[in-house]
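Each chain, letter by letter, is given below.
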Amino acid sequence: DEVCLVPSREGTGKFAVTLNGDALWDRKSEGRFPEMKELKRIVRDVVSPDRDLGHSDIQKGEGVDSVDTSSSLTSEDKPELSSSVKALRTTPHISITYCTGCRWMLRAAWMAQELFMTFD
């Protein structure tokens with residue numbers, strides 16, 4: 001398993017999460033940063049669909065830690081994953097690209113740590 005941080009010096013506010021080269025989240029197209037629970041669910045759905053995320057799986061209205069994911073991508077909106085991602089579910093390579101000019105390294109590092117600890 002690998003979670004790596006990729007600094008971007010484009011100065012365009014880039015913050016993107018990819019899995020084996022396929023985009024899972026892009027701040028510009030989504031208009032916001034992902035909630036950590038939301039990002040864990042997205043990664044889990046690709047890497048290990050049967051895995052229980054515990055409190056991260058609680059839906060809105062089911063508990064105090066719930067997250068509203070109604071604005072996240074629906075299954076119809078999500079791009080089809082390449083066969084390389086499907087074939088490599090057991091060895092995910094997650095990259096978080098962040099804008100150095102926006103000083104988002106700590107946010108990216110925190111998300112990387114959370115993903116690594118969850119899927120280690």
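It should be noted that the structure appears before, not after, this text.
Owing to the predicted nature of the structure, the values given are computational and were not obtained by experimental measurement.

Undergrad: Can you help me understand empty space enclosed by the protein in this one?
TA: Over the atoms, a rolled probe matching the size of one water molecule traces out where space is still vacant. Under the defined criterion, the tally for this structure stands at 1 cavity of 30 Å³ or more. Taken as a whole, the largest cavity encloses approximately 50 Å³ of empty space. Lining of the largest cavity is provided by Asp 1, Glu 2, Val 3, Pro 92, Ile 94, Leu 115, Phe 116, Phe 119 and Asp 120. Only strand E1 (2-8) and helix H4 (105-119) provide two or more residues apiece to the lining of the largest cavity. The leading source of residues in the lining of the largest cavity is H4, at 3 residues. Partitioning the lining of the largest cavity into residue classes produces 6 nonpolar, no polar and 3 charged.

Undergrad: I keep staring at the sheet that holds strand E4 (residues 93-99) and nothing clicks. Help me out?
TA: To summarise the sheet geometry, strands pair through backbone hydrogen bonds and adopt either a parallel or an antiparallel arrangement. Taken in spatial order, the 4 strands line up as E1-E4-E2-E3 in an open sheet, and their pairing is mixed. Sheet topology places E1 and strand E3 (22-26) at the edges, where each strand pairs with a single neighbour. This sheet shows a mean twist of 20° between the axes of neighbouring strands, independent of strand direction. Two strands pair when backbone bridges link them, and strand E2 (residues 15-19) and E3 are joined in this way by 4 bridges, in the antiparallel orientation. By the bridge assignment for E3, Thr 18 is matched with Ala 23. Strands in contact with helix H2 (residues 36-47) are E2, E3 and E4; relative to E3, the strand with the most contacts, it is inclined by about 165°.

Undergrad: What is the right way to look at H4 in this model?
TA: An α-helix turns once per 3.6 residues; consequently, residues spaced three or four apart project the same way. Helix length check: H4 (15 residues) gives 21 Å between terminal C-alpha atoms against 21 Å at 1.5 Å per residue, within 8%. Along its buried surface, H4 packs onto E1, E2, H2 and E4.

Undergrad: Just to check I follow, could you spell out H2 for this structure?
TA: In this model H2 runs 16 Å from its N-terminal to its C-terminal C-alpha over 12 residues, within 8% of the 16 Å that 1.5 Å per residue would give. When H2 is considered as a whole, its buried residues turn out to be Met 36, Lys 37, Glu 38, Leu 39, Lys 40, Arg 41, Ile 42, Val 43, Arg 44, Val 46 and Val 47.

Undergrad: Whenever I open this one, unusual backbone geometry confuses me. Can you help?
TA: Peptide bonds are mostly trans, and most non-glycine residues show a negative phi. Of note in the backbone geometry, Asn 20 takes a positive phi value of approximately 50° without being a glycine. Within the secondary structure, Asn 20 sits in the loop between E2 and E3. Given the relative accessible area of 18%, Asn 20 is considered buried. Phi angles above zero are rare outside glycine, and Arg 103 is one such case at about 60°. Looking at the element boundaries, Arg 103 is found in the loop between E4 and H4.

Undergrad: Would you explain the packing of aromatic side chains in this entry?
TA: Aromatic ring pairs are defined here through the distance separating the ring centres and the angle between the ring planes. Scanning the entire structure with this criterion turns up 3 aromatic pairs. Ring geometry for Phe 15 versus Phe 33: centroids 4.9 Å apart, planes at 75°, classification edge-to-face. With Phe 15 in strand E2 and Phe 33 in the loop between helix H1 (27-30) and H2, this residue pair connects regions lying 18 residues apart in the sequence. When sorted by exposure, Phe 15 lands in the same class as Phe 33, which is buried.

How each quantity is defined
Residues numbered from 1 in each chain as written. Predicted model: local features only at pLDDT ≥ 70, side-chain atom pairs only at ≥ 80, totals over all residues. Heavy atoms only, no water. 1 Å grid on protein atoms, 1.4 Å probe; cavity = no way out; pocket = protein on both sides within 12 Å on 5 of 7 lines; lining within 4 Å. Points joined across faces, edges and corners; volume = space filled by probe spheres on them. Helix = DSSP H or I, 4+ residues; strand = E, 2+ residues; numbered from the N terminus. Nonpolar A, V, L, I, M, F, W, Y, C, P; charged D, E, K, R; others polar. Pairing = 2+ DSSP bridges. Axes fitted to C-alpha atoms, helices over the stretch in contact; angles between N-to-C directions. Contact = heavy atoms within 4.5 Å. Expected span 1.5 Å × (residues − 1). Buried < 20%, exposed > 50% of the residue type's maximum accessible area, 1.4 Å probe, protein only. Phe/Tyr/Trp six-rings, centres within 6.5 Å; stacked < 30°, edge-to-face > 60°.

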